[in-house]
Amino acid sequence: MVGSVTKNTENTENTAAGSPASHAHTPLVDAYVGDPAVRAEWDDRYLDRQQLWSGRPNGALVAEVAGLTPGRVLDVGCGEGADAVWLARRGWDVTALEVSGVALERAAGHARDACVAVRWVHAALTDAALPPASFDLVSAQYPALLRTPDAAAERALAGAVAVGGVLLLVHHAGMDTRPPDESGFDPADYVWPSMVTAVLGDDWVVEVDEQRARVAPDGGAGAHHTDDLVLRARRLR
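The text that follows walks through the structure, step by step, so that each part is easy to find.

Reading the values: rules and limits
Residues numbered from 1 in each chain as written. Predicted model: local features only at pLDDT ≥ 70, side-chain atom pairs only at ≥ 80, totals over all residues. Heavy atoms only, no water. Pairing = 2+ DSSP bridges. Helix = DSSP H or I, 4+ residues; strand = E, 2+ residues; numbered from the N terminus. Axes fitted to C-alpha atoms, helices over the stretch in contact; angles between N-to-C directions. Contact = heavy atoms within 4.5 Å. Parallel < 35°, antiparallel > 145°, perpendicular 65-115°, else oblique. Nonpolar A, V, L, I, M, F, W, Y, C, P; charged D, E, K, R; others polar. Buried < 20%, exposed > 50% of the residue type's maximum accessible area, 1.4 Å probe, protein only. Right-handed = clockwise from strand over helix to strand, strands pointing away. Phe/Tyr/Trp six-rings, centres within 6.5 Å; stacked < 30°, edge-to-face > 60°. Lys NZ or Arg CZ within 6 Å of the ring centre and 35° of its normal.

1. Thoughts on the sheet that holds strand E1 (residues 72-76)
1) Next: Pairing within the open sheet is mixed, and its seven strands lie in the order E3-E2-E1-E4-E5-E7-E6. At either end of the open sheet lies a strand with only one pairing partner, and these are strand E3 (118-122) and strand E6 (204-213). Taken pair by pair, the neighbouring strands of this sheet meet at an average axis angle of 15 degrees, ignoring direction.
2) Next: Where E6 and strand E7 (residues 227-235) come together, nine bridges link them in antiparallel fashion. By the bridge assignment, Val-206 is partnered in E7 with Ala-233.
3) Next: In this fold helix H5 (residues 101-114) packs onto strand E2 (93-98) and E3, with an angle of close to 175 degrees to the strand it touches most, E3.
4) Next: Sitting on the sheet, helix H6 (residues 152-159) is in contact with E1, strand E4 (135-141), strand E5 (161-172), E6 and E7, with an inclination near 135 degrees to E5.

In structure tokens:
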């Protein structure tokens, strides 16, 4: 659920997909690839609370993945790892990206406790050395992806999806139309589902593009949001 925020495989694949014993190793937070200021900002947010999110998988993810055959999945902005652990328990081969080293340490602990294997990647999405077109599912749940003139984040999301695979992007409805606030949040700085749809082109079919009531886990930051924007698109070629 964390944003701007993604990671890199080569540098931080420290929890290998293998035996549960591999989970004794937490991510190498000093191998981060991306803007140090972004990492520091999110580390501070996580350090401010013992637990930032609810610890349960996001409702839209649970609903949209129900009919999919488990394969390789990229969890963009994995936060404290609830979605990654849930997916791994259901047979997915999970790569989870996050900018916050604090969040990754917590996520690795949850995976260890659940005895599941997850590859942890500590990098920003646009800096991550991910294998192109190789994930059967790319899931980005409420990401804070920074917008750039060249649509780098949007293209990185789409570029990670394998032919036949699914891109699932979920965001809080109404956030994109809010005015800038005193905290410094400006919606114009971030990527929203409509911007991702705009870069997909003829190689994609949009299966879901709608606003719906949010099925929200109890507790955790963001629990006050009531509606989701859900984009699910499948890569045809």
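More follows now that the structure is in view.
2. Concerning the packing of helix H2 (residues 36-47) against H5
1) Next: As a packed pair, H2 and H5 sit with axes 7 Å apart at the nearest point and diverge in direction by 55 degrees. As judged from the angle between their axes, H2 and H5 are oblique. Counted together, Asp-43, Tyr-46 and Leu-47 of H2 and Gly-101, Val-102, Ala-103 and Arg-106 of H5 form the full contact between these two elements.
2) Next: Taken together, the residues of the contact of H2 with H5 sort by class into four nonpolar, one polar and two charged.

3. Remarks on the pairing of E5
1) Next: Extensive coverage of E5 is indicated by the burial of ten of its twelve residues.
2) Next: Handedness of the crossover is the feature at issue here: the chain leaves E4, passes through H6, returns alongside E5, and the resulting connection is right-handed.
3) Next: Sheet topology places E5 next to E7; seven bridges connect them, and they run antiparallel. Looking at E7, one finds that Leu-167 is bridged to Ala-233.

4. Things to note about the packing of aromatic side chains
1) Next: Taken as a whole and assessed by the stated rule, the structure comprises zero aromatic pairs.
2) Next: Across from the ring centre of Trp-42, 4.2 Å away, lies the NZ or CZ of Arg-45, which sits over that ring.
3) Next: Above the face of the Phe-135 ring, Arg-72 is positioned so that its terminal group lies 4.8 Å from the ring centre.

By themselves these figures say nothing about function.
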